[in-house]
Amino acid sequence: MMANEYAFPLQIANYFASSVHLKEMLESIIEDTVELCNNNKDNVDFIPPIVYSRQGKAYNIDYNYLVHCIGWKIGDQTIETDFSIGKVSEKDRYKRAEFLVCGILEGFFDLVQVNNNKVDLSRYKNARVIELKKRFFNVLCIQNGENIKRFSAVPINGIKLQQLIDLEFLEALNMFSDNDNFKQVAFGEKAYSAFLSANKFNEIEYVY
């Protein structure tokens, strides 16, 4: 995509320099996921790392999978090392994740909508300044048959995506992401904790 090789984390912005670059990246991610789904076509309970929410009209892509696909497209998997997140919070990686999702995809392109920037304080008489902590994903659990997977879901606005990518890619995306068998069983930290407690689970395996 770009002539410059990836050398340091903030350089990731170079690969999203325009809507054309964003379009190419998104279509590449869809191609990768189509191949992944084809490789798992015999698994009836398979859950892809991108699922469509009809209620939210958004394509939820797992954050770590997003980072993996970016690295694959660029041709340097060092990006996974720099940007992927694990169970243990690493301050630098979380800052990079916030820059990628909140700064580039949400703030600049308005493609992702994960943060609410407006808070109604009119009902509070002694309202003080409230600082909202930035989020770069939502906790999401999807069930397909006996299979349940957890997402660090980055919600991509369906209307914005439709306007950006070519029709053939949108159709391919819908073929694997919009499935009547996919059931959302938890959304958000509280619902996830309640789901674990109700089903006596310790954790749910990540989709990627």
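Our structure's up above, just so we're on the same page.
Please read all numbers here as calculations on a predicted model, not as lab measurements.

Rules of the game
Residues numbered from 1 in each chain as written. Predicted model: local features only at pLDDT ≥ 70, side-chain atom pairs only at ≥ 80, totals over all residues. Heavy atoms only, no water. Axes fitted to C-alpha atoms, helices over the stretch in contact; angles between N-to-C directions. Helix = DSSP H or I, 4+ residues; strand = E, 2+ residues; numbered from the N terminus. Parallel < 35°, antiparallel > 145°, perpendicular 65-115°, else oblique. Left-handed = near helix turned anticlockwise from the far one by under 90°. Contact = heavy atoms within 4.5 Å. Buried < 20%, exposed > 50% of the residue type's maximum accessible area, 1.4 Å probe, protein only. Pairing = 2+ DSSP bridges. Salt bridge = Lys/Arg side-chain N within 4 Å of Asp/Glu carboxyl O. Core = buried A, V, L, I, M, F, W, Y, C linked by side-chain atoms within 4.5 Å.

## As for the packing of helix 1 (residues 19-39) against helix 6 (residues 167-177)
Packing of helix 1 against helix 6 brings their axes to within 10 Å, and their N-to-C directions diverge by 40°. Regarding the angle of helix 1 to helix 6, the classification is oblique. By crossing handedness, the relation of helix 1 to helix 6 is classed as left-handed. Where helix 1 abuts helix 6, its residues Glu27, Ile30, Glu31, Thr33, Val34 and Cys37 lie against Phe169, Ala172, Leu173 and Phe176.

## Regarding the environment of Ser19
The residue Ser19 is located in helix 1 in this model. Looking at Ser19, the relative accessible area reads 40%, which means it is partly exposed. Here the alpha-carbon distance between Ser19 and Leu164, two residues 145 residues apart in the chain, equals 7.9 Å. In this structure Ser19 touches Phe109 and Leu164, once residues within four positions along its chain are discounted.

## Some points on unusual backbone geometry
With phi around 55°, Asp110 is a residue other than glycine that occupies positive phi space. Position of Asp110 among the secondary structure elements: in the loop between helix 4 (91-108) and strand 3 (138-144). On the basis of relative accessible area, Asp110 is assigned to the partly exposed category, the value being 36%. A positive phi angle, near 55°, is found at Lys200, a position not held by glycine. Tracing the sequence through the fold places Lys200 in the segment after helix 7 (189-199).

## Some thoughts on the sheet that holds strand 3
Taken together, 5 strands build an open sheet; the order of strands is 1-2-4-3-5 and the sheet is antiparallel. Taken across any chain shown, the strands that pair with only one partner, and hence form the sheet edges, are strand 1 (50-53) and strand 5 (183-187). Recorded for the sheet is a direction-independent mean angle of 40° between the axes of neighbouring strands. Alignment of strand 1 against strand 2 (residues 58-62), held across 4 bridges, turns out to be antiparallel. When the bridges of strand 2 are listed, Tyr52 appears paired with Tyr59. Relative to strand 2, helix 2 (residues 63-74) is tilted by about 75°, and along the sheet it contacts strand 1, strand 2 and strand 4 (147-157). Where helix 6 meets the sheet, it contacts strand 1 and strand 2, and its direction lies at approximately 90° from that of strand 1.

## Points about the pattern of salt bridges
Where charged atoms from two side chains of opposite charge come close, those side chains can pair. Overall, the coordinates contain 7 salt bridges when judged by the stated rule. Its salt-bridge partner being Asp166, residue Lys23 comes within 3.3 Å of it at the nearest N-O pair. With Lys23 in helix 1 and Asp166 in the loop between helix 5 (158-164) and helix 6, the pair connects residues that are 143 residues apart, well separated along the chain. Note on Lys23: relative accessible area 23%, which makes it partly exposed.

## Details of the environment of Ile29
Take Ile29: it is sitting in helix 1. On the basis of relative accessibility, which here comes to 4%, the residue Ile29 falls in the buried class. Considered as a pair, Ile29 and Lys73 are 44 residues apart in the sequence and their alpha carbons are 8.0 Å apart. Aside from chain neighbours lying at most four places away, what touches Ile29 is Ile50, Ile61, Tyr65, Leu66 and Cys69.

## Describing the nonpolar core
Ranked by size, the top nonpolar core spans 53 residues in total, and within it Phe16, Tyr63, Ile70 and Leu100 carry the most contacts. Ranked by residue count, the leading element in this core is helix 2, at 7 residues. Those residues in contact with Ile70 that sit more than four places away from it in its chain are Ile12, Phe16, Met25, Ile79 and Leu100.

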